[in-house]
Amino acid sequence: MSACSMDYHGIGRDVVIRNASGILTGLHGADERRTGDIRISKGRIAAIGAVNVLPDDDVLDARGGVVTPGLVSTHHHLFQSVLKGIPSAINAPLETWLRLVPTMYWRYLDEEALQTAARIGMAELLLSGCTTVADHHYLFADSYDYDPAAILFETAQQMGMRLVLARGGTTRTRRFDTDDIIPAPTQTLEQMLRHTSDLVSRYHDPAPDSMRRIAIAPNTPTWGVTPEELRDMAVAARSMKIGLHTHLSETQNYVRYCLETYNMRPVQFVAEHGWVGPDVWFAHLVHLDESEIAILAQTDTGMAHCPQSNGRLGSGIAPAVALERAGGRVSLAVDGAASNEACDMGAEMHTAWLLHRFVHGAGVLRCEDVVRWSSREGARILGLPDIGAVAEGMSADLAVHDVSQLRHAGMADLLLAPVACGAASVRYVLTAGRVVVRDGHISGLDMPELLQQARTVVNRLAACCGG
Ligand code: ZN
């Protein structure tokens, strides 16, 4: 028996969520807050308000809970969930961390390690109310005797999550002076595109409530591929009708490299090569000038804002509020667990809420805005218009956050508690109307077994790398 064999509840039965303290819908303006019970039928939100309970309904008692949309994390590296807190890199900035963690460990990432990491990462996300993840996976090596994409999609299906697989990789890689660090795997552009096309035919569903998507996602557009290859990737993605994703402007060094090599700032560089538009989203975007913010806003290009990872690596604070005020699109993401040991969307929302207020004052960002970034905006950026909001007709991706604990006692407005109080736990999570978390437990997941697998894998990786 595997650690997780999803036993879905509610298939064929309507689900009714009763007695919640309120609903933060993920929408903006007058529809931002609602009250009432929620009926879910055939995977969709059928009614909100006064709902009659029928004998066959699966009734979820949400007393002391706040309902939000199922949250959307737009940038992750699930494989890193067995690489948390690597001691040699715990205090290192990005470039050193890249050398000491992903580049050091990639060749030891066997099937068991990836499967365990994906389960840990998705379990963490689900238990923080997240139902959709965009996973930027860039380790595709000839030396692997397994298909990483198959493992990621199988795990997502078992856990009950929507997965956008941002298919990474590079054609160029950096070599280091020491023998113990083997450069990360590379492929030719032709190999990358052929595999991506194969993944599209096997997994990609373009539906507005898709459970499975593929995007093209080189590790970086500036030194991972040539400018010509970058342009070819954009053309290929559009011919396949899939999205484009990559890291951009995470550090000052990144901007400096682009200026020195291409005589352009990074956003100008990618815009020159076809990498802007509503089908493109970038992780980080920490270091932007006003002209770059304007380009991103005018082209509807999305930001995957990763405040905890940026803090962990000391990269800076992305101008997310400025981008949104300019008319741009901002979503929230946890990034990989090797640079954010808490891959918890609740913690990420709490951090985002505080971080921008540290710098720009208390009026710049409300709890409701952070929830909207983490749900509706993320869904729009991923091209999934039928998820990310609590409204009639939407796909029923929902989280019931428990706000009945001591830290919430005395809270005047409980709807703000999942963000303002931090560290909320979830009681129920539904994906497409299926109850995937019930009473705080992931359906079908043997948590003690997963924790034991994690320990086994971590010990093996430590032995491989002399830890
Ligand atoms: Zn990343």
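From a predicted model like this one, the values you see are computed outputs, not experimental measurements.

What follows deals with the coordination of the zinc ion. Protein ligation of the zinc ion involves His75 (NE2), His77 (NE2), His247 (NE2) and Asp335 (OD), the donor distances falling in the range 2.1 to 2.6 Å. Counting gaps between the donor residues of the zinc ion yields the pattern H-x1-H-x169-H-x87-D. In this pair, His75 sits in strand E8 (residues 71-76) while His247 sits in strand E12 (residues 243-248), placing the two residues 172 residues apart along the sequence. On the basis of relative accessible area, His75 is assigned to the buried category, the value being 0%. Look at His247 and you get buried, because its relative accessible area is 12%.

When its domains are assigned, the protein resolves into domain 1 (15-68 + 400-442) and domain 2 (71-381). Taken residue by residue, the interface counts 23 residues in domain 1 and 24 residues in domain 2. For the pair domain 1 and domain 2, the summed buried surface comes to about 2000 Å²; carbon and sulfur atoms form 69% of the total. Remark: the boundary between domain 1 and domain 2 carries three salt bridges. In this structure, the salt-bridge partner of Arg33 is Glu368, at a minimum N-O distance of 3.2 Å. Counting across the domain 1 and domain 2 interface gives five residue pairs in polar contact (both at pLDDT 80 or more). When contributions to the side of domain 1 that touches domain 2 are tallied by element, the ones reaching two or more residues are helix H14 (417-420), strand E17 (425-431) and strand E18 (434-438).

Moving on to the environment of Ala389. Looking at where Ala389 falls in the secondary structure, it is placed in the loop between helix H13 (367-381) and strand E16 (398-402). Looking at Ala389, the relative accessible area reads 2%, which means it is buried. Considered as a pair, Ala389 and Gly70 are 319 residues apart in the sequence and their alpha carbons are 8.1 Å apart. Contacts of Ala389, omitting those with residues within four sequence positions, involve Thr25, Leu27, Ile45, Pro69, Arg376 and Met394.

With that out of the way, let us pick up the packing of helix H12 (residues 345-360) against H13. Interaxial distance between H12 and H13 falls to 10 Å at its minimum, and their mutual angle equals 130°. Taken together, the axes of H12 and H13 lie oblique to each other. Remark: the crossing between H12 and H13 carries right-handed chirality. Contacts from Met345, Met349, Ala352, Trp353 and His356 of H12 reach H13 at Cys367, Val370, Val371, Trp373 and Ser374. Looking at the contact of H12 with H13 residue by residue, the classes come out as eight nonpolar, two polar and no charged.

Looking now at the sheet that holds strand E5 (residues 44-49). Read from one edge of the open sheet, four strands run E5-E4-E1-E6, paired in mixed fashion. A strand with exactly one partner marks an edge of an open sheet, and here the two such strands are E5 and strand E6 (58-61). The mean angle between the axes of side-by-side strands here comes to 20°, regardless of whether they run parallel or antiparallel.

Reading the values: the criteria
- Throughout, residues of each chain are indexed from 1 in the direction in which the sequence is written.
- The model is predicted, so local features are restricted to residues of pLDDT at least 70 and side-chain atom pairs to those at 80 or more, both for listing and for counting; the totals for chains, interfaces and linings are taken over all residues.
- As a rule here, side-chain values cover all heavy atoms of the structure and leave hydrogens and water aside.
- Distances decide who is a donor: an N, O or S atom must be within 2.8 Å of the metal, or within 3.2 Å for Na, K and Ca. Water is not included, so sites may look incomplete.
- Each helix is a run of DSSP H or I of at least 4 residues and each strand a run of E of at least 2, with the numbering of both proceeding from the N terminus.
- Working definition: with a 1.4 Å probe on protein chains only, accessible area under 20% of the residue-type maximum means buried, over 50% means exposed, and in between means partly exposed.
- An automatic or database domain assignment supplies the residue ranges for each domain.
- The contact criterion used is simple: two residues touch if any of their non-hydrogen atoms lie within 4.5 Å.
- Buried area: the accessible surface (1.4 Å probe) lost by two parts on joining, summed over both.
- Counted as salt bridges are all cases of a side-chain nitrogen of Lys or Arg within 4 Å of a carboxyl oxygen of Asp or Glu.
- We call two N or O atoms a polar contact when they sit within 3.5 Å, provided that within protein one can donate a hydrogen and the other can accept it, with sequence-adjacent residues counted only if both atoms are side-chain atoms.
- Whenever a helix is involved, its axis is fitted only over the stretch in contact; in every case the axis is a line through C-alpha atoms, and angles between N-to-C directions fall within 0 to 180 degrees.
- Angles below 35 degrees are treated as roughly parallel, those above 145 as roughly antiparallel, those between 65 and 115 as roughly perpendicular, and all remaining angles as oblique.
- The sense of a crossing depends on the near helix, which, turned anticlockwise from the far helix by less than a right angle, makes the crossing left-handed and, turned clockwise, makes it right-handed.
- Throughout this entry, Asp, Glu, Lys and Arg are counted as charged residues, while Ala, Val, Leu, Ile, Met, Phe, Trp, Tyr, Cys and Pro are counted as nonpolar. The remaining residues, Gly among them, count as polar.
- Whether two strands pair depends on DSSP finding at least two bridges between them.

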